[in-house]
Every structure is written in C-alpha cells, then in structure tokens.
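Each chain, written out:
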Amino acid sequence: MTSRFSQLVEWVRDEGGDPWALHWEARHAAEAGEDVIVLSAGDPDLDTPPAISATAISSIQAGDTHYTEGGGRPRLRAAIANAHTRRTGQVVTAENALVVGGAQNGLFIASLCLAGLGDEVLAIDPMYTTYHPTIRASGARLVPVPAPAENNFHPDLAAMAAAVTSKTRAIFLSTPNNPTGIVLSQKDIDGIAEIAKRHGLWVVSDEVYAGLAEGGDVPSLARALPDQVLTIGSLSKTHAMTGWRSGWVVGPTDFIQNAENLIQSMLYGLPAFIQEAAITAIGMAPECEASAREYCQLRRQIMFDGLSGLAGVTPVWPDAGMFMLLDVRDSGLSAREFVAALYRQERISTLEGSVFGRETQGFVRICFAISEDRLREAAVRLRRFCLGLKK
Ligand SMILES: Cc1ncc(COP(=O)(O)O)c(C=O)c1O
C-alpha cells in the first residue's frame, strides 16, 4: 500500500521508541509538584541574564517585530564572525556567518545542503541523539565511527579512515561531546583534518559546548580547513538560552549562500527581537561563559564525588560540559533497567547510553546542570540506589 506520507517521515522516525519519554514524564511530574529530580536533559536551571531579556523586551516594545533578512541581521552576522575569529583564529566576515534557530537547526541545514540520497555521512559514536534523524533526513546513510570507552571515548581514527568510501560526503562531530564530555585533542583534530583533506570531505563541527571547556575554547578544525569546515554554535548552553532558539553556522561563503536559499523556504528569517538579544548576548560572552563554566565545574565535582568509590558503577570524568557518564556494566542491571529502577525508586530521571550509540551501551548519562541543593540531594539518592544494587 502506498504511504500517505513521504519517505522522509520514515527516515526521521526513531526505531527504538522515543528516547525522551521518561524525561518528559519526569518533567511533568516535577512541574506537578512531585519530588522528582530531572537529570535527563542538558537545560541548565538558570535564568537568561537580565540584560539579554531586556534587549528583547525593548526591541519588541520599539516595534522590531517584522520580517528580517533570511540569513540574519548583518550586525548579528558580523558579531558572530568576530567572536568566531577571536576564538578560532580563522579570519571570517559577516558573509561567512548564518543565523539559525539554534545549533539543531544549523545541523539540519548542514545535513540537507551537504548530502543526499545514496550518500554516506560519518559521525563519531557516541553522538547527540538528534544526529541520526538529522543526517537521515537528507536521505544519506549515517556511518558511525567508534570512539570507544577503551580509548577514553576518543575516536578511532583508523576506523574513520577505513569507513570512507566514494559515497562519503561529510563527517559530523561534537567537541566537547554530548554525552561523554570529551574534548577532541589536537591529535584527534589533526587526524580528522588529514582524512577530510585527503578525501575532500566536509566536516560539521558542533561546538555548542566549546565555551564550557577549559579556557572557553577547544582545538578546532576551522582554521586548518576553512573551505571544508562548518562550525556550529549557539547561545543555548553558555548563556542559559535554550528556549530562545538562537544559533549560527560559520562556513565558506558558497555554503552560506546555498543555506540562505534553503532558509528562505524553511524559516523565512528569525525574530528580530531575538536577534537583537543575541547581539547583546554575544557581547557578554566572556562573562557568561566564565560563569557557566564555574557553574558546571562545581557540579561536575559534586556528582563525581557522589558516585565515586561504589561497587559496580564507575563515573567517567568529563573534560567539559554538563553531562557525566556512569558505567553500569558491572552493576547487575542493564542500563535500561538501571534508568527505570532509579526513576521508580529514587525519582531521578536519566538517559540510557544506548540512545547515543553503540559505544555507550552499558552507560547512563547524567546531567548535573541543576541547583546545587538539588544536585547534592540527587547524589545522595544515586549513592543510596547504587549501594542497594549489590549485596
Ligand atoms: C551536541 C549538541 N548539539 C546541538 C544541540 C542543540 O543545541 P541548540 O539548543 O542550540 O539547538 C545540543 C543540545 O543538547 C547538543 O547537545
């Protein structure tokens, strides 16, 4: 029978069910006043800095509520380009910067502009949950490249080189990674650059957590391969602005022009008042990033200390970001059982590692970006739960 829908709806469907079902159940329970602790999503429980909200409000009040340029306001594009040049050393201008509705929208636009039916796209496994549908939406096949636990979740570069075929178009990666929190080393970056250069591949470098890394920066490919790298960023994580949907793509001008054509039929521009707020936010980036880093580093230590020294489970220290993996392979429970029992017994929601790929099977992802009080309470409950596992 012919389907009522396009093939695309099949490509973006998650075969394993909705990985976010438990997260939303927990969020709704917490909102209804139940004593639930939500550690399942990377959404810091911080308010957007008031100066940023004030810009949006005054912009609305001043009537800045009309259509905007598809690729974003020139002043915002210039601010993104300047910030990118300062951070990476790659010299770019406003014509290299595209304003998008959050990093996720940038990933989707990149996928549609770079690959198509019959193509292959490499992505480092483990990867953020949306990468599968995002890459498949183009019609391309996602080929995972392992970053195994035995390699401290750094990518196996020999496997990456071996995975390249005549159909390969691009490599997707995130540094710092979600869920591992691993920052790719200069050696990783050089190896990936070499493979991309040799085969003429695009690299989509998702750097949404870069501002949370040590010194607010990560080794980046952009300067080495300016014609082949798209750097994706957003204000979501560093400025407590997840709901604003404000992000960018920095890349070569031919990509940006093609992406603008796509945007004209996909978004038709983004709200002016959010773009004005984003200009304020980028101006405040050093202070916002420093305070987000401090916030995450304190909580990383609390969670790591809380989970250390327990039989059967081992926390994995993340380089940066707001997530920590817990290795539960010796706990006597599968990661799925662990997550379900933890929610049932202690009312804590987490995510099982397999939703991020093969390499995190047997791991559980914990987000520690919540208030210090609640995090300490979560650590006590997690410890109690783990102590009860092996008698
Ligand atoms: C690795 C990674 N990329 C992209 C995103 C999406 O970010 P945004 O809110 O900017 O769309 C997330 C969100 O969790 C993420 O973890």
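Residues numbered from 1 in each chain as written. Predicted model: local features only at pLDDT ≥ 70, side-chain atom pairs only at ≥ 80, totals over all residues.

Points about the site of the ligand
Near the ligand you find 13 residues, and of these Gly102, Ala103, Gln104, Ser234 and Ser236 are the closest. Partitioned by chemical class, the residues of the shell around the ligand number three nonpolar, nine polar and one charged. (Near = placed C-beta within 6 Å. Nonpolar A, V, L, I, M, F, W, Y, C, P; charged D, E, K, R; others polar.)

Things to note about the sheet that holds strand 10 (residues 323–327)
With respect to topology, four strands assemble into an open sheet ordered 9-10-13-12, the strand pairing being antiparallel. Each end of this open sheet is capped by a strand with a single partner; those strands are strand 9 (314–316) and strand 12 (351–352). Contacts from helix 11 (residues 285–307) reach strand 9, strand 10 and strand 13 (363–367), with the element oriented near 10° to strand 10. (Pairing = 2+ DSSP bridges. Helix = DSSP H or I, 4+ residues; strand = E, 2+ residues; numbered from the N terminus. Contact = placed C-beta atoms within 7 Å. Axes fitted to C-alpha atoms, helices over the stretch in contact; angles between N-to-C directions.)

A short note on helix 12 (residues 335–346)
Spanning twelve residues, helix 12 covers 16 Å between terminal C-alpha atoms, matching the ideal 16 Å at 1.5 Å per step. Where helix 12 is concerned, the buried positions are Ala335, Phe338, Val339, Leu342 and Glu346. An end-on view of helix 12 places all buried positions within 95° of arc, on one side of the element. In helix 12, the exposed positions that point more than 90 degrees away from the buried face belong to Arg344 and Gln345. Arg347 lies just past helix 12 and shows a positive phi near 60°. (Expected span 1.5 Å × (residues − 1). Buried ≥ 20, exposed ≤ 12 C-beta atoms within 10 Å, placed from the backbone. Arc of directions from axis to C-beta.)

Focus: the pairing of strand 13
Burial runs high along strand 13: five of the five residues are buried. Here strand 13 shows a buried face lined by Phe363, Arg365 and Cys367 and a second buried face lined by Val364 and Ile366. Of the strand pairs in this sheet, strand 10 and strand 13 are connected by five bridges, and their pairing is antiparallel. Bridging across to strand 13, Leu326 finds its partner in Val364. Strand direction decides the pairing type here: strand 12 and strand 13, joined by two bridges, are antiparallel. Paired with Glu352 across the bridge in strand 13 is Val364.

Side note on the packing of helix 12 against helix 13 (residues 372–387)
Between two packed helices, both the angle of their axes relative to each other and the distance between the axes serve to describe the pair. One way to put it is that helix 12 packs onto helix 13 with a least axis distance of 11 Å and a crossing angle of 115°. Once helix 12 is placed against helix 13, the crossing between them reads as right-handed. Across from Leu342, Gln345 and Glu346 in helix 12, the residues of helix 13 making contact are Arg381, Arg384 and Phe385. Classifying every residue of the contact of helix 12 with helix 13 by side-chain character gives two nonpolar, one polar and three charged. (Left-handed = near helix turned anticlockwise from the far one by under 90°.)

Details of the packing of helix 3 (residues 50–61) against helix 10 (residues 272–283)
Interaxial distance between helix 3 and helix 10 falls to 8 Å at its minimum, and their mutual angle equals 145°. The two elements helix 3 and helix 10 meet at a crossing, and its hand is right-handed. Counted together, Ala51, Ile52, Thr55, Ala56, Ser59 and Ile60 of helix 3 and Ala272, Phe273, Ile274, Glu276, Ala277, Thr280 and Ala281 of helix 10 form the full contact between these two elements. When grouped by side-chain class, the residues that make up the contact of helix 3 with helix 10 number nine nonpolar, three polar and one charged.

A word on the sheet that holds strand 7 (residues 229–234)
Spatially, seven strands are ordered 2-8-7-6-5-3-4 in an open sheet, and the strand pairing comes out mixed. The open sheet has two edge strands with one neighbour each: strand 2 (97–100) and strand 4 (141–146). Within the sheet, the average angular offset between the axes of one strand and its neighbour, ignoring direction, is 20°. Pairing analysis gives four bridges linking strand 7 to strand 8 (residues 247–250), with the strands arranged antiparallel. Each residue of the ladder has a partner; that of Gly233, found in strand 8, is Trp248. Of the strands in this sheet, strand 2, strand 7 and strand 8 are in contact with helix 4 (residues 74–88), which crosses strand 2 at around 115°.

Comments concerning the domain arrangement of the protein chain
When cut into domains, the protein chain gives domain 1 (7–47 + 287–385) and domain 2 (50–284). Computed over C-alpha atoms only, the centres of domain 1 and domain 2 are separated by 24 Å. The interface of domain 1 with domain 2 comprises 32 residues on the first partner and 33 residues on the second. Residue assignment for the side of domain 1 that touches domain 2 shows that the elements contributing at least two residues are helix 1 (7–11), helix 11 and strand 10. Broken down by element, the side of domain 1 that touches domain 2 gets its largest block of residues, six residues, from helix 11. (Domains from an automatic or database assignment.)

A look at unusual backbone geometry
Between Thr175 and Pro176 the backbone carries a cis peptide bond, its omega angle lying at -10°. Mapped onto the elements of the fold, Pro176 is located in the loop between strand 5 (168–174) and helix 8 (186–199). The linkage connecting Asn178 with the following residue, Pro179, adopts the cis geometry, with an omega of 25°. The backbone phi angle of Asn152 is positive, close to 50°, even though this residue is not glycine. Here Asn152 lies in the loop between strand 4 and helix 7 (157–163). A tally of 13 C-beta atoms within 10 Å means that Asn152 is categorised as partly exposed. Unusually for a residue other than glycine, Ala240 sits at a positive phi of about 50°. Mapped onto the secondary structure, Ala240 falls in the loop between strand 7 and strand 8.

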